[in-house]
Amino acid sequence: MDDPTASAGPETSRSSCSVRSVLAERSGLAERSAGSARDAAPGVRQALLARGLRFDYGGEPVLRGVDLEIGFGELVAITGVNGSGKSTLVELLAGVRRPSGGAIERAAAVALVVQQPDVAPHLPLTVHDVVAMGGWRPRSARWARLERAPRRTRRARAVDAALARVGLEGLGARPWTELSGGQRQRALVAQGIVAMPAILILDEPAAGLDAASRGRTREILRAEAARGAAVVWVTHDAEDVAVADREIRVDGGLVRADLGGA
Ligand SMILES: Nc1ncnc2c1ncn2[C@@H]1O[C@H](COP(=O)(O)OP(=O)(O)OP(=O)(O)O)[C@@H](O)[C@H]1O
């Protein structure tokens, strides 16, 4: 299988779907680094591991040798000032970009919720359609066409349940373009959680949302971690950091990890 992150190289383009199901499963961890991985904390199975991760966009390096480990069941807040490289880091972790150097290991497929999705405005997509993309797998498109009704029904129910969790119940049939900015962001969180990913990475999913929606997003992400997912969450909000298990701060192209948490 083609793994977009199998080696260092030029960056990949952003796709038209905001949740990327990066099938990096292969046999166990993808992209094994040459060195030996440090053991995860006792009882925590490792979901993501980066060693010496470097990245540049053609100029000054944005990341200069990032090391980090994230376990299943952990809720990790990624923080840092504007332009410090948080989005770049999570895109590397998710496999949307290839590192210029270093290695990443992923123990499972990743669902990525990006800040600004490219959902083509001219396509007649409903909110339901966009949320259902979270269960999309490149290799299963053919099977999706052939699938039997009971499975379609299960998927439709999963989409409805995800929309209800983010407080958008009943809006599934609405055209995507008719949602407000905040409603779209919440729908993208629904897209991220609809397929119950083992690794969920979100780039500022609650930026600009009202206080109630930010609180609801926090509860959803805590619940995702409680069911065993590794949840990595870029945020500028101190309240988000307070509910996370750990904060990882991006600073000067490196990370300051294990800053404590809730
Ligand atoms: N496509 C790109 N081409 C060139 N430079 C880029 C590109 N995307 C980001 N950068 C640069 O890389 C650096 C890190 O950007 P990044 O978006 O990762 O930061 P961030 O911490 O997520 O910022 P913010 O908090 O504003 O979202 C910045 O200096 C930015 O200008």
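One structure accompanies this document, and this report is about it. The structure presented is a predicted model; accordingly, all values stated were derived computationally and were not measured.

About the thresholds
Residues numbered from 1 in each chain as written. Predicted model: local features only at pLDDT ≥ 70, side-chain atom pairs only at ≥ 80, totals over all residues. Helix = DSSP H or I, 4+ residues; strand = E, 2+ residues; numbered from the N terminus. Buried ≥ 20, exposed ≤ 12 C-beta atoms within 10 Å, placed from the backbone. Contact = placed C-beta atoms within 7 Å. Pairing = 2+ DSSP bridges. Axes fitted to C-alpha atoms, helices over the stretch in contact; angles between N-to-C directions. Near = placed C-beta within 6 Å. Nonpolar A, V, L, I, M, F, W, Y, C, P; charged D, E, K, R; others polar. Parallel < 35°, antiparallel > 145°, perpendicular 65-115°, else oblique.

**Section: the overall build of the chain**
1) Next: A count of helices and strands for the chain gives seven helices and nine strands.
2) Next: By residue count, 44% of the 262 residues in the chain fall in the buried class.
3) Next: Contacts spanning at least 24 positions in sequence make up 74% of the contacts within the chain whose residues lie at least 6 apart.

**Concerning the sheet that holds strand β3 (residues 75–79)**
Through backbone hydrogen bonds, the strands of a sheet pair up, either in parallel or in antiparallel fashion.
1) Next: What the six strands build is an open sheet, ordered β5-β6-β7-β3-β8-β9; its pairing is mixed. Strand pairing shows two members of the sheet lacking a second neighbour, β5 (110–113) and β9 (254–256), which therefore form its edges. Here the average twist between neighbouring strands, direction ignored, is 20°.
2) Next: In this structure, strand β8 (residues 246–251) lies alongside β9, joined through three bridges in antiparallel fashion. The partner of Arg249 across the bridge, within β9, is Arg256.
3) Next: Helix-sheet contacts for helix α5 (residues 181–193) involve β5 and β6 (199–203), and the interaxial angle to β5 is about 175°.
4) Next: Sitting on the sheet, helix α6 (residues 211–226) touches β3, β6 and β7 (230–234), and the angle it makes with β7 is about 150°.

**A look at the pairing of β3**
1) Next: Most of β3 is tucked away: five of the five residues are buried.
2) Next: Alternating positions in β3 separate into two faces, Leu75, Ala77 and Thr79 on one and Val76 and Ile78 on the other, with burial throughout.

**Considerations on the pairing of β5**
Consecutive side chains of a regular strand alternate in pointing toward one face of the sheet and then the other.
1) Next: Along β5, one buried face is formed by Val110 and Leu112 and the opposite face, lined by Ala111 and Val113, is buried too.
2) Next: Sheet analysis places β5 next to β6, joined by four bridges and oriented parallel. Across the sheet, residue Val113 finds its bridge partner in β6, namely Leu202.

**Comments concerning the site of the ligand**
1) Next: Looking at the ligand, the residues that line it are Tyr57, Val62, Gly80, Asn82, Gly83, Ser84, Gly85, Lys86, Ser87 and Thr88.
2) Next: Among the elements that line the shell around the ligand, the one with the most residues is helix α1 (residues 86–94), at three residues.
3) Next: Class assignment of the residues belonging to the shell around the ligand gives a composition of two nonpolar, seven polar and one charged.

**Thoughts on the packing of α5 against α6**
1) Next: The geometry of α5 relative to α6 is characterised by a closest axis approach of 12 Å and an angle of 5° between their N-to-C directions. In terms of axis orientation, α5 runs roughly parallel to α6. Mapping the contact onto sequence places Gly182, Arg186, Val189 and Ile193 in α5 and Ser213, Thr217, Ile220 and Glu224 in α6.
2) Next: Across the contact of α5 with α6, the residue classes tally to three nonpolar, three polar and two charged.

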